[in-house]
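What follows is the residue order along each chain.
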Amino acid sequence: MTVTLYFHGAAGTVTGSCYRIVHPRGQFLVDCGMFQGNRTVRGLNYKPFPFDPRAIDFLLLTHAHIDHAGLLPKLCRQGYRKPIWATGPTDNLLEYLLPDAAGIQESEAERETRKRTKRAEEPFKPLYTMEDAEEALKLRKSVTYQEWIEPGPGVRARYWNAGHILGSASIEVEVADVDGKIIRILFSGDLGPDVKVFWDAPDAPSGYDYILSESTYGGREREDYTLEQRRETLRTEINTALGRGGNLVIPTFAVERSQELLHDIGYLIKRGEISPSLVFLDSPLASKVTGVYRKYAAMFDDVELNADELFNDPRFRIVEGVEESKAINSIRGGAIIMSASGMCDAGRIKHHLRVNLPRANATVLFVGYQAPGTLGQIIQSGAREVRIHSELVPVRAQVRSLGNYSAHADHSELVAWVTKRLPAHGAIFLTHGEDEERAALKAALMHDDGLGSDQVITPLLDDAFELRAEGIGGVEHPSERRVDLSQVTSDWHNAYASFIIDLSHQLQSAPTDAQRIAVMEALKATLANSGPVSPPLPMKTQPGRPQVLHGEPSGE
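Draft legend 1. Structural view of the overall build of the protein. When its secondary structure is counted, the protein shows 15 helices and 23 strands. Here the C-alpha radius of gyration of the protein, 24 Å, is about what a compact globule of 556 residues would show, namely 24 Å. Principal-axis analysis of the C-alpha atoms gives the protein an extent of 80 × 65 × 50 Å. Long-range contacts, defined as pairs at least 24 residues apart, comprise 75% of the intrachain contacts of the protein with a sequence gap of at least 6.

Draft legend 2. Structural view of helix α4 (residues 88-118). Helix length check: α4 (31 residues) gives 46 Å between terminal C-alpha atoms against 45 Å at 1.5 Å per residue, within 8%. Maximal helix bending in α4 amounts to about 35°, located at Leu94. Ala120 sits one or two positions beyond α4 and adopts a positive phi of about 60°.

Draft legend 3. Molecular detail of the pattern of salt bridges. A full pass over the atoms with the stated rule returns 32 salt bridges. In this structure, Arg140 and Glu95 form a salt bridge, with 3.4 Å as the shortest nitrogen-oxygen distance. One end of the pair, Arg140, is in strand β6 (residues 140-143); the other, Glu95, is in helix α4, with 45 residues separating them in the sequence. A salt bridge links Arg119 to Glu121, with the shortest nitrogen-to-oxygen separation between them at 3.2 Å. On the accessibility criterion, Glu121 (38% relative accessible area) is partly exposed.

Draft legend 4. Looking closely at a nonpolar patch on the surface. Together, Trp492, Tyr496, Phe499 and Ile500 make up a nonpolar patch on the protein surface, roughly 440 Å² of accessible area in all. What makes Ile500 partly exposed here is its relative accessible area of 30%.

Draft legend 5. Structural detail: the environment of Ser479. Checked against the element boundaries, Ser479 lands in the loop between β23 (471-476) and α14 (492-509). A sequence separation of 17 residues divides Ser479 from Asp462, and the C-alpha atoms of the two residues are 9.8 Å apart.

Draft legend 6. Molecular detail of the pairing of strand β16 (residues 363-366). Alternating positions in β16 separate into two faces, Thr363 and Leu365 on one and Val364 and Phe366 on the other, with burial throughout. Examined bridge by bridge, strand β12 (residues 248-251) and β16 share two bridges and lie parallel to one another. Each residue of the ladder has a partner; that of Leu248, found in β16, is Thr363. Relative to strand β19 (residues 398-401), β16 runs parallel, the two being bridged by four bridges. Within β19, the residue paired with Leu365 across the bridge is Arg400.

Draft legend 7. Fine view of the sheet that holds β6. Ordered by their spatial adjacency, eight strands build an open sheet running β6-β5-β4-β3-β2-β1-β22-β23, and the pairing between neighbours is mixed. Among the strands making up the open sheet, the edge pair consists of β6 and β23.

Draft legend 8. The environment of Thr62, seen in detail. With respect to the helices and strands, Thr62 occurs in the loop between β4 (59-60) and α2 (66-69). With relative accessibility at 1%, the residue Thr62 sits in the buried group. Spatially, the C-alpha atom of Thr62 lies 24 Å from that of Cys344, the residues being 282 residues apart in sequence. Residues contacting Thr62, with those up to four places away along its chain left out, are Val30, Asp31, His68, Gly167, Ser168, Ala169, Ile171 and Gly189.

About the cut-offs
Residues numbered from 1 in each chain as written. Predicted model: local features only at pLDDT ≥ 70, side-chain atom pairs only at ≥ 80, totals over all residues. Heavy atoms only, no water. Helix = DSSP H or I, 4+ residues; strand = E, 2+ residues; numbered from the N terminus. Rg over C-alpha atoms; globule rule 2.2 N^0.38 Å. Contact = heavy atoms within 4.5 Å. Expected span 1.5 Å × (residues − 1). Bend = angle between axes of the 7 residues up to and from the residue. Salt bridge = Lys/Arg side-chain N within 4 Å of Asp/Glu carboxyl O. Buried < 20%, exposed > 50% of the residue type's maximum accessible area, 1.4 Å probe, protein only. Patch = residues over 30% accessible without salt bridge, like charges linked within 9 Å, V, L, I, M, F, W, Y side chains within 5 Å. Areas by Shrake-Rupley, 256 points an atom, 1.4 Å probe, with all protein chains shown as cover. Pairing = 2+ DSSP bridges.

Scope: geometric values only; no functional claims are made or implied.
Spelled out as structure tokens, the structure:
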């Protein structure tokens, strides 16, 4: 029996990280993450795993982000009861992230069930429950950076700092094939940038048979910056936003991004460079995670505030209660409002956006990656209206983006990381990226490192590769994909919502009722005469006019 690597997620997408290795003495997973993005991509979460969870011997987890760990409770719901190996900080973060994710699943299922009840339909079952999350937490086993573990027969693993978030790791794995030959594989996990508060640059040894590298920002460069320059940019954004008289709303991720922003905002306040009336971190999860960061403050690098000052400025309001969160919406100016989720697809940020987006003096500042089809990406792309909580919300606020807070390495940093890990005798797999970004990174690696096109591979969902010490022995493609790959970036739900909004605008702009009826009659006639629908060409927006898309999570 050979060693076979399966790509069950993060292959052509940036989310749903999940890799499976089958070898002569068993099988194991690296990550088991939730799919995020448009409704079609999110639908993958509800489809069966392409493997039997009860047959998995153990799981190696790179870090606690939901797109890498968010399906662990589902795995347990379907019978998995083996160890989940991760660093100590990752274990601590999971204590809050998994129950929070389960709470979201239960509340969304309850909301959808209320809708279905009105239509006399069957209740909607949550993807998993709080009980499933608690079961997953029982399976945690801690590892220490740079120390070998033997999680199962024929397998050794070692964790290296990935510089992404607290506890994040690249995982070096050695697997014995049927002849006892050792195949060495490096899973990058998510890689942090070279310049970052809290963590040193990513690290790992060189010389492998196979390297799996993330490619989130392939082809995209951030301007070179120091931490001082990043804080200067943040200062300018804050002062400009608050100078316009409204609030500054920052969709942020509960893990790492919130804490970095609190650190830098506290630093700027201490130096007298900004003067917001109040700074809200409105997220029960982010509040709990901030407590974990306080616990590990001794590990931090490049911080300007001591442990007593960290996250403790008197203007900070770390909000957990619902009523206190609602009260924020009565503030019309002078406040910085940070709230999760970072892609705006769930949580309290949607309430703050619904209130502030229509205000021309407000500002929304994006500080992280926005997956295609998410509400955040739709707003960032320049939409004039978005749908939040089933209501159309006009976008009058200023929309800004600040890339220097990304927890991901950019294009040059990714190329440099891979180059330092070479040689890869078998192949390099580019994962955790969209096709355009993966193509750009592949071209750079071929140019800079002299690699052939057959040495840099961009796998698709559920592809399988036979790994041999001397190179790939064979490739197996699934007979049927779990998702239509053409729907990954922008699906028919997005197109339908855009169509309905455009139709509404056309009807409203018609000068008479008779002309409105004429528009609808013409559309009806076109539909009646269209016959069978053939696959359409990709949608294109009119020049200078941003496409308006639908930004609700599944179940809405």
